[in-house]
Every structure is written in structure tokens, then in C-alpha cells.
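Architecture at a glance
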Amino acid sequence: MNAPVNPQELELQTVEFKLDGKTIIAYDGETILKAAKRHGIDIPHLCFKDGYAPDGNCRACVVEINGERTLAPSCCRNATAGMEVKAQSERAVKSQKLVLEMLLSDMPDKGYKWIGDDESMQFGELSSWAKQMDVTVRPELKALRRAQPKADISHPAMAVNLDTCIQCNRCLRGCRDEQVNDVIGYAMRGNHSEIVFDLNDPMGESTCVGCGECVQACPTGALMPKGLIGSQKVDSKVDSVCPFCGVGCQITYNIKDNVIVSVDGRDGPANHNRLCVKGRFGMDYIHSPQRLTKPLIRKTGVPKDETASQDPNDWSSIFREATWEEALDVAASKLKGLNEKYGRKVLAGFGSAKGSNEEAYLFQKLVRTGFGNNNVDHCTRLCHASSVAALLEGVGSGAVSNQVNDVENSTMILLIGSNPTVNHPVAATWFKNAAKRGTKVVLADPRVTQMGKHAWRIMQFKPDTDVAMLNAMIYTIIEEGLCDQEFIKNRTSNFEALKENVKGYSPELMAPICGIPSETLREVAREFATTKSAMILWGMGISQHVHGTDNARCLIALSTIAGQIGKPGSGLHPLRGQNNVQGASDAGLIPMMFPNYQRVDNANAHDWFEKFWRTPLESKPGYTVVEIMEKILAADSDPDKIRGMYIMGENPAMSDPDLNHARHALASLEHLVVQDIFMTETALLADVVLPASAWPEKVGTVSNTDRMVQMGKRAIHPPGEAKPDLWILQELAKRMGLNWKYAGPDSGVAEVFDEMRQAMHAAIKGITWDRLERESSVTYPCLSPEDPGRPIVFNDAFPTADGKVKLVPADIIPANERPNDEYPFVLITGRQLEHWHTGSMTRRATILDTIEPMATVSLCGDDMVQLGVTTGDVVTVASRRGTIAIHVRRDDGTPRGAIFIPFAYYEAAANLMTNSALDPFGKIPEFKYCAVSVVKGGDAAVKLGYGTNDEISSDKVAAHT
């Protein structure tokens, strides 16, 4: 992407030139058009778009330059000192008008996109410029109008009406240069030329990923969101942040009649206008008819169905409606009663990474001061807990060292255990942009994903062999004398122990273990150590193992011994999964840490928070997500047995490993309060269900994977009697006996933020509520109101006791269970592009669920042949813990002997099979590795009504789905 010119950052020189007789100052390398725009001078333009590479093909922006014979396109002609330019000369204006008239003459009778309030402007920017330039079309030109192309409405989200296409190529540049999806092309010649998708396929049948960059780029409505064809008048526009992954894209909601009708990308620091299919087309989940709108209480005598066979739409057979007063009283009184009867260790809370920082802060405060213990956790335990454990141990901070788009300064990117085109699509665009500029991208993963197309080298290692591969690279750097000795001497500790430990990990010895040739291991290690700047980014493929902390320790060591940390383009970045998993962790929504990662068993931190909250606090760390499930099923004699829970916005009945066990535990609770926006699988097991607000219905802050604290604003009001989460938290706290007084708008959100800022002063002291309202986004650490924030940290020292990185050796620890004759395949779980986390939101988003409506298991072609299955067939997948029936999808990037299943589908819940074995340090389950069997048809398929094993057919599958 060509980012907007920032002369202060780049220290650009200026030049003076004349434009229509006025002296204009331009920055060196700035185009005439951009300089004119900065000075408030309008020059018509259509193919130009801020942020895109200039193309100069429409010729609407031509200007006259003294001394030159031909008119020049101002969008791609740089200003030079002494240049004399005429944008409003008779010759220039005549040409500008002629271009606009010729383009208008080819338009149909009706347009699709309006700009502004005047609906007579039928062709967006083209009509707008025509009106501004007083251009009308002569009748003789209308007679030459081409035959109009047919509409293409094959895509669920977007309509293609090329009758209004002016072939400006903005969509092509958006698709190829910005998002780097390479779907849109330009075919044919002359008056037969046209925009095409792939090999002239219908858009819905092409490889389009639905990011919508093209519809945001299109100036005329030739490409449009289906829901906006016609008048685009809206009641209001509200700026906010995307509620899905951790990239933190800034967005604008377009609202009409209290409905979000569309979403636009904003020029935020994390996305620069870019969005993915979820962010652009996935917001209608909030308008789902399945939203919870009234408090519910379980009917007397109705048992809890831990098999999850109850229909969430048929909740009336399980719950009765209640007033807020009754529901809150029942919820709080029974939790409080359990505390009084059994002691202060028997309650626990799961907070949410999908809510705001303020909600996370108050939730953990409620558990610690109201429940009287530290049994509070959230989904970080299921994603990056081991990464955080290793980072806190090694570098003293659990946050990223560099922001994602700092890869523009990298000469090498090591992407390991992550599938960013699916999990972090906008972040993936920065990696693809870097690859196009020549940055060497290394993809290290058991699966060859879409990033493989952009990789310099692919290291497809065997599942569970991360430590073997990474230690081999560390060995190479040390053995070949490629270490940054100065960095090691001044900024590391325990290097000799690391050096001694890797002596047995030569590439030659590790190659047969990890499956990567020794030559490749050495080549990549050499490049990493000697390149100017290298960034390591990783996902849950690193963290979700019993050796996840060791995996991250190896990445820290690899980066450190090469000196690839603490400078532009070099560092460590665990890509965060949910929109606020970073902020929720920062705010203390974890059992062993107060806000800002201050240990609960640290006497100084403990005393400080006791005084700050004016409440006695437990000094023993609480239990984590999986440990809490175990403690629910503990013997009655266990004083730490969990008997009651409060779950806000989490869905452990889908997200936890070994779901049969987890659901049994949840059903065994004496009292369960669930606060959510839908009747999730977890809510079906509750005693009280409290209807909450979705992200677009509240005000608050979130912190993205880049350490950016960003402001989200309310776009619409919650449906029915649903209430803001912050209000619900305070009402429960009041009934638990806590004297909280947060006044002001939106349940005192600004006051809660200010209190949180005091508790996290070492990170966000300089980020005030007023500042966020002005700036929308501020990066921490930020220690004063004047501090711009630090996008890169560890430049001079690490926040450890001695200011140095502690290098921690790691050895090979095998997965908790291995494949055998009965269970010969390895199951890998994860997300997919259209669906997010447990699917409670995205599967209720109509467009997303239309694009990807069915659970699938991905296998490579060789394994499909061996099993005798083809795409669309149904197989039974089973582990030692659970069984599902699921449809087959071919994916030759999945290695032989492995399968991949997304965990968003309740009807084929991957976590029925996953292993709850824990990493001993991060206490994270081993989601990324368990042994399974795969059988065509099978018992599970028969139970779902597909017939006997011999009767499975595509027709039966289609009928069932």
C-alpha cells in the first residue's frame, strides 16, 4: 500500500510550483493531484484513490504544464520545483469535461451508487464530478452506447453490474495490490475490454474471499454490496472497531432505522481502510431473531441436558421469562448463598475477550472482591496462555514487541503456526504486500496454507515437532558463528545454558524428526541471522500444545541470539485471536495476575490492590479454565470444589477441550449464571440467563494485537430488554454486597476506564478517556498525555529484573497421545475465514453462513483415496473422547496422516474429540494434536440419518444439509 505522505516522519524536502497562478508547496515525490487536494483545490479524478498506486488511465485529472506538448495526468505526475501547472485552463477543462461526458454517455439509464443526499447523482463519483463540472451528455454520444452487460448476482454479499463500469481499475488494484487476492483481472481489448473474476467466472464461483475491497473502491456502483443497491441514504454513521479478530480494524457503521445496513473500513492504524469478509459483511448477527431479549430463569424440575441436544430456539420449554429485578436477585442470591455455605473458594467466573476492557476489568474485580477468590479466567487460556507465559518469563512482558504492519520494515518474516489469511485476514495483507516488495516470507506449519503462495521457503514440519525444528535453527546460528555477540553479551542471560542444550539438535539429527531437510533448516537459519531485520509472528499452532511454552521459548531464543528484536522490522508477535484478548488479559481477567500482569502472590502487588479496592483479597492464584472444570467434578469433601459460576460472553460448552467432560461439569454446577446475546450451548445449561448487549450496542475500549487501545462507540440500541454488560455487572455487584459507584453516561464507562488506568499506570497512564475520544487509537506503553505511545518496545532494555532477556532451553516433549492402529490420524483444529471462535456470532450472520454453511473435515487427496471418499462424502471422525459425522473437503495443503476441522459448528463440534491435557506452564489444552480415526460413513453418520454405510451418497448428504 502507498501510505499517505507523512513529511514529519519521512523528513521530506519541499518544492514550490505554481498551480493556476498560485504558489503551491508540495513534498518531494508528491503528485500534483495530492498537492492540490492538500491545498483545497479540486481537480476531477476517477481512477485515483487515496492509498492506492496511481494508475492514470481515466484521464479525468489531466492538467496543462508549461513547456509540454501533451496534457499530463495529475494523479501520477510528481510536482517539481518551478513547474507551472494549469488545471483550469481552457484546454485542460475541455479535456476533463470530454472524459466525463464520454464516460457518462456509456452509462445505463439507472445507477446503483449515490454520493451525498442528492439522488439525481446516479453514478457515484462520476455523476458527482459531472455535476460539479456542469457536464451533460450530447444525444449523439448516447446513440453510441455499448450493449449493456448482464448483472452478476452470484455472490451472497456483492452484486456486479458492469453496465456502470468505467474501467478505472480501482477494483483491480484493490484486489491485487492492497489485499493481494489476485481475483480481479482486466481482459479483452478495445470496446470488448472488461473486468473479470479469475478466468471470467461468475463472482460467486470465483476464488473471491469476500473482503469487499472492490466495492469500497468502486466509484460508480458497478460493484456494490447487495444490500445497498439503490439509495444509500442512512440516518447516521458511527465510527467504531471491528468486533472479530485481534487485528483491530477501524470501521464505520452505516445505520438506518436502528439497523446496521453496511460497514466501511476506516483509515485506522491497523487496517488503513481494509477489511475482511467478517468485518464488512458479518455484522447482521446483532439483528438475528435469535437474540436474547428478556431475562430467563430455568423452570423448576427441568434437567440440564449435557448432551447438547436441546434446540436453542426452543428455550421456552426450559426457561421462563422474568423481570430484571427477579433474575438479578436469583442470580446473585444463590451465588452469595454458596459462598456463605461452603466458603469463598467455591465460585468461579469466565469473562469475555469479546467485550470491552472496562467490562473485563469490572468482571475480574467482581470475582476477586465479591466472590473472594482468584478463580477468574477467559479464552486466553485456550489460545495464547503458553505464549504469554514464555514471554513474561523471558522478556518480562506478555505483549507484542512490534506491530503487525512493521513488517514493511522487515527483510524476512517467519510466520509459524498461524494461518493469517483465515484468522487475521487484514494482517495477512501486510505480509503479502511485504512479499511483493521482496521481503522473504518463511511459512512454517504442518499445513501449507494460502500464505504458501507468497513464501520464499515453506517448512512443512511434522505435527508436534516444533521444538526439534526450532532448536535445529538455533543450533545452526550458534555453530556457524552467526550470533549477534554484542547483543548476547549486553542484553541476554543464560546463553551458555541454551548453547549447551542445543548441542544435540543439529539439523542433520532433527531432519528425520521434523521432516524438514537439513539443508533447508540451515538455509533459513542463516538467512534469519544475517538479514537486516526479521520478524517472527505466530499463532495457536505454536501455543496449543502441552509443549506450547517450550515452543514460544524457542522462538524467543531464536530471535534473541540473532539480535532480531528491539528495532524496526525485528521482533516477536503472537497474533491475538479475539478482538480484545490482549485487553482482557491486560485488565486482569486471568487467575494468577492482577491488572497489568502483577502476580496475585506478589506481596507488594497484593497489598496495593487491597488498598486500591479497599477489600481483603486472596493471595493464592486461582484455577484456570480447564482446572475449573475439574474442580466442579471434585469430591464434596474438597474445600476448593467449584459449585457456582458466572459466565459472561464465553461459550465453554463449545470452546473447551473434551466437550463431553466439560458439558458434564457445567451441568453439574449447583448454580450457573450466563450473560450473553444468544442462547449458546453454555446458556442452555444455565439456571439464570441474562440478555446482554452486542459490541455495536455499547461504548467501551478494546486493545488489539498491536497494543493499540481503541475506542468503540454505540451504533444502535440493544433489542427488547437486553442491557449493557457494564450495567449488569454493577447490578450483580450491588447484590453481592459491593459498594460500587460508577456514575456518568453508559454506566460510568469513562469512570471505570479511569480506575483501570490507575491500576495499569505502568502501561496506559497517558491514555485518558478524552484522548481516546479525540484520537480513537493510542498505542501503549504510553506514560503521559504527550506520549505518542511506543509501537516498538525493548529498544534499550527488557522489563525484567536485570533488564535482559532470559534464555530458557527447551527439549522435545511429545504430545500427550500419539496415533496408533486404532486412531491413525492426527486432528488439528482451528478457525476458518467466514466463521469465528464457536460460531455463536458468525453462524447467525446471514451472508457468512451462506458462504460457509456446513462443517467440513479437510484431508489431502492421498488420504481420501486411501479412505475411498470424495469431496462431499460423509465420514465419522472419532477420538478416545468423542465422535462426530462430518463432510469431506479436499485440501492438499493438509499433510498425509492429518486432518483439519474448524471448531465453529455445534453439529460437528471438533472439541468433542480434543484432548484436555495441559501445558504445565501456560495451563493451555492441547487443541492442536490428538489421535483420531476416520471412517467413511460410520456409526455417527448413520445416527444422523444418512443410512447405512453402504448407502451414503451425495444426494442424501445434500438432502440432510
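That block above? That's the structure.
Quick look at the structure, then.

Reading the values: rules and limits
Residues numbered from 1 in each chain as written. Predicted model: local features only at pLDDT ≥ 70, side-chain atom pairs only at ≥ 80, totals over all residues. Heavy atoms only, no water. 1 Å grid on protein atoms, 1.4 Å probe; cavity = no way out; pocket = protein on both sides within 12 Å on 5 of 7 lines; lining within 4 Å. Points joined across faces, edges and corners; volume = space filled by probe spheres on them. Helix = DSSP H or I, 4+ residues; strand = E, 2+ residues; numbered from the N terminus. Nonpolar A, V, L, I, M, F, W, Y, C, P; charged D, E, K, R; others polar. Axes fitted to C-alpha atoms, helices over the stretch in contact; angles between N-to-C directions. Parallel < 35°, antiparallel > 145°, perpendicular 65-115°, else oblique. Left-handed = near helix turned anticlockwise from the far one by under 90°. Contact = heavy atoms within 4.5 Å. Buried < 20%, exposed > 50% of the residue type's maximum accessible area, 1.4 Å probe, protein only. Pairing = 2+ DSSP bridges. Core = buried A, V, L, I, M, F, W, Y, C linked by side-chain atoms within 4.5 Å. Salt bridge = Lys/Arg side-chain N within 4 Å of Asp/Glu carboxyl O. Phe/Tyr/Trp six-rings, centres within 6.5 Å; stacked < 30°, edge-to-face > 60°. Disulfide = S-S within 2.5 Å.

Once that is clear, we can look at empty space enclosed by the protein. Summed over the entire model, instances satisfying the criterion amount to 13 cavities of 30 Å³ or more. By volume, the largest cavity amounts to about 450 Å³. Around the largest cavity, the lining comprises 34 residues; the ones closest to its centre are Met540, Gly541, Thr829, Gly830 and Lys928. Where the lining of the largest cavity is concerned, the elements lending two or more residues are α12 (420-423), α19 (540-543) and β32 (825-830). In terms of residue count, the dominant contributor to the lining of the largest cavity is β32 (three residues). Classifying every residue of the lining of the largest cavity gives 13 nonpolar, 15 polar and six charged. Each pocket or cavity is described by its volume, and for the second largest cavity that value is around 210 Å³. The wall of the second largest cavity is formed by 19 residues, among which Lys354, Gly649, Ile677, Ser693 and Lys698 lie closest to the centre. Its residues assigned to classes, the lining of the second largest cavity shows eight nonpolar, six polar and five charged.

We now examine the packing of helix α14 (residues 466-479) against helix α18 (residues 518-530). Where α14 contacts α18, the two axes come as close as 9 Å, and the packing angle between them is 60°. Considering their axes alone, α14 and α18 lie oblique with respect to each other. Classified by chirality, the crossing of α18 by α14 is right-handed. Seen from α14, the contacting residues are Met469, Ala472, Met473, Tyr475, Thr476, Ile477 and Glu479; seen from α18, they are Leu521, Arg522, Val524, Ala525, Phe528 and Ala529. Tallied by class, the residues present in the contact of α14 with α18 amount to ten nonpolar, one polar and two charged.

On to the pairing of strand β22 (residues 571-574), then. Burial along β22 is two-sided: the face carrying Gly571 and His573 and the face carrying Leu572 and Pro574 are both buried. Across four bridges, strand β21 (residues 534-538) lies against β22 in parallel orientation. Counterpart to Met535 in the pairing with β22 is Gly571.

The subject of this paragraph is the nonpolar core. Ranked by internal contacts, the top residues of the largest apolar core, which has 130 residues, are Tyr253, Met283, Tyr285, Phe431, Tyr646, Leu690 and Ile767. It is helix α9 (residues 324-342) that provides the largest number of residues to this core, a total of eight residues. Aside from chain neighbours lying at most four places away, what touches Leu690 is Trp324, Ala327, Leu328, Val673, Val674, Gln675, Asp676, Ile728 and Leu732. Of all hydrophobic cores here, the second largest spans 55 residues; its members include Met459, Met473, Cys483 and Ile565.

Our next topic: the pattern of salt bridges. Taken as a whole and judged by the stated rule, the model has 50 salt bridges. Note that Glu64 is salt-bridged to Arg91, the shortest N-O span being 3.9 Å. Of this pair, Glu64 sits in strand β3 (residues 62-65) while Arg91 sits in helix α3 (residues 90-105), and the two are 27 residues apart along the sequence. What makes Arg91 partly exposed here is its relative accessible area of 37%. The partner of Glu852 in a salt bridge is Arg889, and the shortest N-O contact between them spans 2.8 Å. Highlighted residues: Glu852 in the loop between α30 (846-851) and β33 (856-859) and Arg889 in strand β35 (residues 883-890), separated in sequence by 37 residues. According to the relative accessible area criterion, Glu852 is buried, its value standing at 10%. With relative accessibility at 31%, the residue Arg889 sits in the partly exposed group. Each of the salt bridges in this network shares a partner with another, and the network as a whole consists of Glu325, Asp329, Glu731, Lys734 and Arg735.

Quick look at the packing of aromatic side chains now. According to the stated counting rule, one finds 13 aromatic pairs in the structure shown. Seen from their ring centres, Phe244 and Trp836 are 5.5 Å apart, and the 85° between their planes marks the pair as edge-to-face. In this pair, Phe244 sits in the loop between β10 (236-241) and β11 (250-256) while Trp836 sits in the loop between β32 and α30, placing the two residues 592 residues apart along the sequence. Trp836 sits in the buried class, given a relative accessible area of 3%. Three or more aromatic residues joined by ring pairs form one cluster here, namely Tyr361, Phe594, Trp608, Phe609, Phe612 and Trp613.

Here the focus is the sheet that holds strand β12 (residues 259-265). Strand order in the open sheet made by the three strands is β10-β11-β12, with antiparallel pairing throughout. Edge positions in the open sheet fall to β10 and β12, since each of these has one partner strand only. When strand polarity is set aside, the average angle formed by the axes of neighbouring strands in this sheet is 30°.

The full count for this structure, using the stated rule, is zero disulfides. Counting only cysteine sulfurs, Cys75 is the nearest neighbor of Cys61, a cysteine outside any disulfide, at a range of 3.8 Å. By relative accessible area, Cys61 is classed as buried at 2%.

In a packed pair of helices, the relevant descriptors are the angle between the two axes and the axis-to-axis distance. Packing of α9 against helix α26 (residues 725-735) leaves a shortest axis separation of 9 Å and a crossing angle of 55°. It follows that α9 is oblique to α26 by the angle criterion. Viewed along their axes, α9 and α26 form a crossing whose handedness is right-handed. Of α26, the residues touching α9 (which contributes Trp324, Glu325, Leu328, Asp329, Ala331, Ala332 and Lys336) are Trp727, Ile728, Glu731, Leu732 and Arg735. Here the residues of the contact of α9 with α26 are counted per class, giving seven nonpolar, no polar and five charged.

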